[in-house]
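Below are the chains, spelled out letter by letter.
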Amino acid sequence: RQPVASFNVQTLHAFTVRLMTGTDFLGDFKLVPMTAPLLWVRYFALALIVGAIIIAARSPRTRHWDLLTFSITLVVAIVASPLAWSHYHSMLLLPFTLYFMGVLGLARDRFTTRAMIISTVLCSLPVMYLKLYQGPVTSRTVVSATLIGACLLLVVLVRTAWSQRDASPLNAIASPAAHRG
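Residues numbered from 1 in each chain as written. Predicted model: local features only at pLDDT ≥ 70, side-chain atom pairs only at ≥ 80, totals over all residues. Heavy atoms only, no water.

**Thoughts on the overall build of the protein**
Okay, step 1: The helix and strand inventory of the protein stands at 8 helices and 0 strands.
Okay, step 2: Taken from the N to the C terminus, the helices and strands of the protein come in the order α-α-α-α-α-α-α-α.
Okay, step 3: With 181 residues in all, the protein has 41% of them scored as buried.
Okay, step 4: For the protein, long-range pairs separated by at least 24 residues make up 71% of all intrachain contacts whose partners lie at least 6 apart in sequence.
Okay, step 5: On the protein, roughly 9800 Å² of surface is accessible, and the fraction owed to carbon and sulfur atoms is 68%. (Helix = DSSP H or I, 4+ residues; strand = E, 2+ residues; numbered from the N terminus. Buried < 20%, exposed > 50% of the residue type's maximum accessible area, 1.4 Å probe, protein only. Contact = heavy atoms within 4.5 Å. Areas by Shrake-Rupley, 256 points an atom, 1.4 Å probe, with all protein chains shown as cover.)

Dropping the structure here:
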């Protein structure tokens, strides 16, 4: 399966093509021929999926576990997909909403707070085909702001899952006695 590298495709595959070709495929919705770097991205995406599953499986079943693993799965499904249009990233409103409601179980430290704000802004930017994207640097970076925001969100979520691997199991956290005191 060959990727599409148009400006509004926000995946690792499209980002790799844009890094290699610059503006060549920004306004083109045709399939891009597979190359060795794209094959490596495909393997990386597979490793990302497997890694996220392993981290989620190793995390204890705390009261935030379902929401956290759902959020990780959602981000990985979008970012690692060979084709995900920019509007697919609107599904990331779910993890953002869970975070801002305080039910996702993320740390409230400076890194997490700043990363979540930056990620929310990057994922909320409208994706438009502008003359600005015609430059050699902007065609490789700025056009992928939504993807960069999603990757930052994934870093925060995986960091949280990794830090919770030594947390108490669900029955200790969810017991009525734990909530009374």
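Here the narrative resumes.
**Some words on the pattern of salt bridges**
If charged atoms from side chains of opposite charge come close, those side chains can pair.
Okay, step 1: This structure, assessed with the given rule, holds 1 salt bridge.
Okay, step 2: Between aspartate 109 and arginine 159 there is a salt bridge, with its nearest N and O atoms 2.8 Å apart. In this pair, aspartate 109 is assigned in the loop between helix H4 (93-101) and helix H5 (110-124) and arginine 159 in helix H6 (residues 145-163), connecting sequence segments 50 residues apart. (Salt bridge = Lys/Arg side-chain N within 4 Å of Asp/Glu carboxyl O.)

**Description of H5**
Okay, step 1: Relative to the 21 Å expected for 15 residues at 1.5 Å per residue, H5 spans 21 Å between its end C-alpha atoms, a close match to the ideal helical length.
Okay, step 2: Where the residues of H5 are buried, they touch H4 and H6. (Expected span 1.5 Å × (residues − 1).)

**Description of the side chain of threonine 112**
Okay, step 1: Note on placement: threonine 112 falls in helix H5.
Okay, step 2: Within the structure, threonine 112 has its side chain in polar contact with the side chain of aspartate 109 (distance 2.5 Å).
Okay, step 3: A polar contact is formed between the side chain of threonine 112 and the side chain of arginine 159, at a distance of 2.8 Å.
Okay, step 4: Contact partners of threonine 112, with chain neighbours within four places excluded, come to Tyr99, Leu106, Ala107, Val156 and Arg159. (Polar contact = N/O pair within 3.5 Å; in protein donor to acceptor, adjacent residues only side chain to side chain.)

**A word on the nonpolar core**
Within soluble globular proteins, side chains that are nonpolar generally end up buried alongside one another.
Okay, step 1: Among the nonpolar cores identified, the biggest contains 30 residues, and Ile72, Val75, Leu92, Leu106, Met116, Leu153 and Leu157 are the most heavily contacted of them.
Okay, step 2: If you list the elements that add at least two residues to this core, you get helix H2 (36-58), helix H3 (65-79), H4, H5 and H6.
Okay, step 3: Non-local contacts of leucine 153, meaning those with residues more than four positions away in its chain, are made with Val75, Leu92, Pro95, Phe96, Met116 and Ser119.
Okay, step 4: Judged by nonpolar contacts, the second largest core, of 5 residues, contains Val17, Phe25, Val32 and Leu38. (Core = buried A, V, L, I, M, F, W, Y, C linked by side-chain atoms within 4.5 Å.)

**What to know about the packing of aromatic side chains**
Okay, step 1: Here the structure, examined in full by the defined rule, presents 2 aromatic pairs.
Okay, step 2: Judged by centre distance (6.0 Å) and plane angle (80°), the rings of tryptophan 40 and tyrosine 43 are edge-to-face. Taken as a pair, tryptophan 40 and tyrosine 43 lie in helix H2 at a separation of 3 residues, close to a single helical turn.
Okay, step 3: With a centroid separation of 4.9 Å and 70° between ring planes, the pair formed by tyrosine 99 and phenylalanine 100 is classed as edge-to-face.
Okay, step 4: Residue classification places phenylalanine 100 among the partly exposed residues on the basis of a relative accessible area of 49%.
Okay, step 5: Of note, arginine 108 hangs over the ring of tyrosine 99, and the distance from its end group to the ring centre comes to 4.8 Å. (Phe/Tyr/Trp six-rings, centres within 6.5 Å; stacked < 30°, edge-to-face > 60°. Lys NZ or Arg CZ within 6 Å of the ring centre and 35° of its normal.)

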